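Topology and contacts: notes
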Amino acid sequence: MPTATKTARSGPKRTGLTVLSPLTAWLTRPLASFHLLLAVFGLLTVFGLVMVLSASSVDSFNKDGSSYSVFSKQVMYCIAGLVLFYAALRVPVKLMRRHSLILLTICLGLLALVLTPLGTKLNGARSWFVVAGVSFQPVEFAKVAFALWGAHVLVTKRGLMNQYRHLLVPVVPAALLMFTLVMLQPDLGSTITLFAVLLALLWFAGAPLRLFVVMLLGAATAGVALSMVADYRMARITSFLDPMGDPSGQGYQALQALYALADGGLFGRGLGQGWSKWQYLPNVHNDFIFAVIGEELGFVGCAMVLVLFGTVAYVGMRIAFRNTDPWIRLVAATLTTFLVCQAVINIGYVVGLLPTTGLPLPLISSGGSSVVTSMLVFGLLANFARNEPEAIAALRSLGPGRVGKLLRLPTPAPYRPPAKRRPARPTPRSRPGAKGSGTAATRRGGGDTRARGARSGPGSRAQTRGGHR
């Protein structure tokens, strides 16, 4: 009896499946993807500015006499990126898709113009335009434009994806044209990220697996051939395989990055206390800023960066899977893959798992084109998050919310699939006894009701033939 009383007082036993944690409950909210993406975007932006200031202070002072010259430029680039972020957040989805071909055409034109004397050669590659002292790379914007246009083409042809000529044309020829223009600069790192965008488009569009095997084999063959043609690419591969073979030459940068990571330990030497930025590690605030993070913030700081980009991957794929618009699904998944893939490549060659390719760490490395493009991608993903069906229903019924009111964001329109075209009904001939009066539907024995009724009536095909005879 006491046992029964105790059981009755304690109530039914709860399991983990019936009790939702606060995080899980928060993720079920309609605008959870939008708010989580804004939070990650803000954290990466602020963290990147802090690390650029710490990593570039010594180099800035040696070149310009001020420790804030690189940092001030990065702040200006972030302001420009925030403008594009806000514009991408407000532009209607239909307008983006409608003008995706125009954007791609403009980017292809810029990729061709940068190879002319109008372009500027920096660090051995003619990849930059310099206007009024501000430089930018057109290839960074071409990656986004190619994702928007490629998704439009593949979604338009989604009923023909089982045919290779519709699956590959015109997306693959356009990609090969972009690869050629970028390699003429030459810029192998950007070509790799463009190839990742192409693979993501085809993968999420449902291309067969054997196609990816062929494309990866072709890419590996092309990579080996390009490495053998250029001596500096072969030197990068050689130093990657054996960095101790030339510790003061080709392997110097990779070894110094590993020394900086090892020097950080678990909690790091402290923000601003690293030694690698004192001319020990080249490009310390650009391509190898992750080494400074490991040195000054330790394993904890590196793990925090990995968690942030892991969250970007989760939120981006969540936005893709929760949308009903097939174009949004494909673009969101592709752009998420592009961001995360670039981060993985950068971190991979800093820690010695990949050869050096010169790709920046999105939103963290110093560089104008990279940070502006990354903010543009985040703006597109945030726009797509507000286009989730549950988010649209909540915005229409409950209002724009605090963030929407603050940013004056318009309420997105719900997705309406295109109307299916009805097959044209066969029209009857003018006279039953005229030549060719039997319609195609009558000859096939289906389709039109009037044609089926004509078979047993006085104007049937047999009687008509008899009349002609």
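Residues numbered from 1 in each chain as written. Predicted model: local features only at pLDDT ≥ 70, side-chain atom pairs only at ≥ 80, totals over all residues. Heavy atoms only, no water.

A short note on the confidence of the model for the chain
- Confidence in the prediction for the chain averages 84 pLDDT; 85% of positions are at 70 or higher.
- The model gives residues 1-19 a pLDDT under 50, and that stretch makes one contact with residues more than four places away or in other chains.
- A low-confidence stretch, residues 430-469 stays under pLDDT 50, and its non-local contacts, those more than four residues away or across chains, total 36 contacts. (pLDDT = per-residue confidence, 0-100. Contact = heavy atoms within 4.5 Å.)

Quick word on the sheet that holds strand β2 (residues 125-131)
- On the basis of which strands lie adjacent, the open sheet formed by three strands has the order β1-β2-β3 and antiparallel pairing. Of all strands in the sheet, those bounded by a partner on one side alone are β1 (120-122) and β3 (134-136). Along the sheet, successive strands turn relative to each other by an average axial angle of 50°, direction set aside.
- With three bridges joining them, β1 and β2 adopt antiparallel strand pairing. (Pairing = 2+ DSSP bridges. Helix = DSSP H or I, 4+ residues; strand = E, 2+ residues; numbered from the N terminus. Axes fitted to C-alpha atoms, helices over the stretch in contact; angles between N-to-C directions.)

Description of a nonpolar patch on the surface
- Together, Trp-203, Phe-204, Leu-209, Val-213 and Leu-217 give the surface a local cluster of nonpolar side chains, amounting to about 530 Å² of exposed area.
- Going through the elements one at a time, α10 (188-205) and α11 (209-229) are the ones with two or more residues in the nonpolar patch.
- The element that contributes the greatest number of residues to the nonpolar patch is α11, accounting for three residues.
- Using a relative accessible area of 45% as the deciding quantity, one classes Val-213 as partly exposed. (Patch = residues over 30% accessible without salt bridge, like charges linked within 9 Å, V, L, I, M, F, W, Y side chains within 5 Å. Areas by Shrake-Rupley, 256 points an atom, 1.4 Å probe, with all protein chains shown as cover. Salt bridge = Lys/Arg side-chain N within 4 Å of Asp/Glu carboxyl O. Buried < 20%, exposed > 50% of the residue type's maximum accessible area, 1.4 Å probe, protein only.)

Some points on the side chain of Gln-253
- With respect to the secondary-structure elements, Gln-253 resides in helix α13 (residues 252-264).
- At 3.1 Å, the side chain of Gln-253 forms a polar contact with the backbone oxygen of Pro-282.
- Gln-253 has contacts with Leu-281, Pro-282, Asn-283 and Phe-288, leaving out every residue within four places of it along the chain. (Polar contact = N/O pair within 3.5 Å; in protein donor to acceptor, adjacent residues only side chain to side chain.)

Looking at the pattern of salt bridges
- Within this structure, the stated rule accounts for six salt bridges.
- With a shortest N-O distance of 3.3 Å, Glu-296 and Lys-277 are connected by a salt bridge. A residue pair is termed long-range when its members are at least 10 positions apart, and Glu-296 in helix α14 (residues 289-322) and Lys-277 in the loop between α13 and α14 qualify at 19 residues.
- The class of Glu-296 is buried, set by a relative accessible area of 1%.
- A residue is classified by how much of its surface remains accessible, and Lys-277, at 5% relative accessible area, is buried.
- We note a salt bridge from Glu-388 to Arg-322, for which the minimum N-O separation is 2.9 Å. Within this pair, whereas Glu-388 is found in the loop between α16 (368-385) and α17 (389-398), its partner Arg-322 is found in helix α14, the two being separated by 66 residues in sequence.

Observations regarding the nonpolar core
- Counting residues in hydrophobic clusters, the biggest one holds 109 residues, and the most contacted among them are Phe-146, Trp-327 and Phe-384.
- The element best represented in this core is helix α15 (residues 326-350), accounting for 15 residues.
- Setting aside chain neighbours within four positions, we find Trp-327 in contact with Val-93, Met-96, Arg-97, Leu-148, Ala-151, His-152, Val-155 and Phe-384. (Core = buried A, V, L, I, M, F, W, Y, C linked by side-chain atoms within 4.5 Å.)

Examining the environment of Ser-365
- Structurally, Ser-365 is set in the loop between α15 and α16.
- Classification of Ser-365 by relative accessible area gives buried; the value is 1%.
- As a C-alpha pair, Ser-365 and Leu-49 span 316 residues in sequence and 8.7 Å in three-dimensional space.
- Apart from residues no more than four positions distant in its own chain, Ser-365 is found in contact with Val-52, Gln-74, His-285, Asn-286, Ile-289, Asn-346 and Pro-360.
- A polar side-chain atom of Ser-365 sits 2.8 Å from the main-chain amide nitrogen of Leu-361.

With respect to α13
- Compared with the 18 Å implied by 1.5 Å per residue over 13 residues, the 19 Å span of α13 between its first and last C-alpha is a close match.
- Those residues of α13 that fall on the buried side of the exposure criterion are Gln-253, Leu-255, Gln-256, Ala-257, Ala-260 and Gly-264.
- Among the structural elements, α14 and α15 are those in contact with the buried residues of α13. (Expected span 1.5 Å × (residues − 1).)

Some remarks on the packing of α11 against helix α12 (residues 231-241)
- Contact geometry of α11 with α12 gives a least axis separation of 5 Å together with a crossing angle of 110°. One finds that α11 runs roughly perpendicular with respect to α12. On α12, the residues that touch Leu-226, Ser-227, Met-228 and Val-229 of α11 are Asp-231, Arg-233, Met-234 and Ile-237.
- Residues of the contact of α11 with α12, tallied by class, amount to five nonpolar, one polar and two charged. (Parallel < 35°, antiparallel > 145°, perpendicular 65-115°, else oblique. Nonpolar A, V, L, I, M, F, W, Y, C, P; charged D, E, K, R; others polar.)

As for unusual backbone geometry
- Each neighbour pair has its own omega, and for Val-169 with Pro-170 the value is 5°, a cis peptide bond.
- Looking at the secondary structure, you find Pro-170 in the loop between α8 (164-168) and α9 (171-183).
- Residues Gln-185 and Pro-186 are joined by a peptide bond in cis, for which omega reads -5°.
- Within the fold, Pro-186 resides in the loop between α9 and α10.
- Backbone geometry places Leu-363, a non-glycine residue, at a positive phi of 70°.
- In this structure, Arg-408 takes a positive phi of about 55° despite not being glycine.
- Looking at the element boundaries, Arg-408 is found in the loop between α18 (401-407) and α19 (440-444).
- For Arg-408, a relative accessible area of 66% gives the class exposed.

A look at the packing of aromatic side chains
- Per the counting criterion, the structure on display carries eight aromatic pairs.
- The interplanar angle of 35° and the centroid separation of 5.6 Å between the aromatic rings of Phe-129 and Phe-136 together place this pair among those described as tilted.
- Assessed through its relative accessible area of 9%, Phe-129 is described here as buried.
- The class of Phe-136 is partly exposed, set by a relative accessible area of 27%.
- Summarising the aromatic geometry, the rings of Phe-146 and Trp-149 are spaced 6.4 Å apart at their centres and angled 40° between planes, so their arrangement reads as tilted. With Phe-146 and Trp-149 both in helix α7 (residues 138-156) and three residues apart, this pair spans about one turn of that helix.
- Under the relative-accessibility criterion, Phe-146 is labelled buried at 1%.
- Given a relative accessible area of 8%, Trp-149 falls into the buried group.
- A connected cluster of aromatic rings, assembled from ring pairs, spans Phe-41, Phe-85 and Phe-378. (Phe/Tyr/Trp six-rings, centres within 6.5 Å; stacked < 30°, edge-to-face > 60°.)

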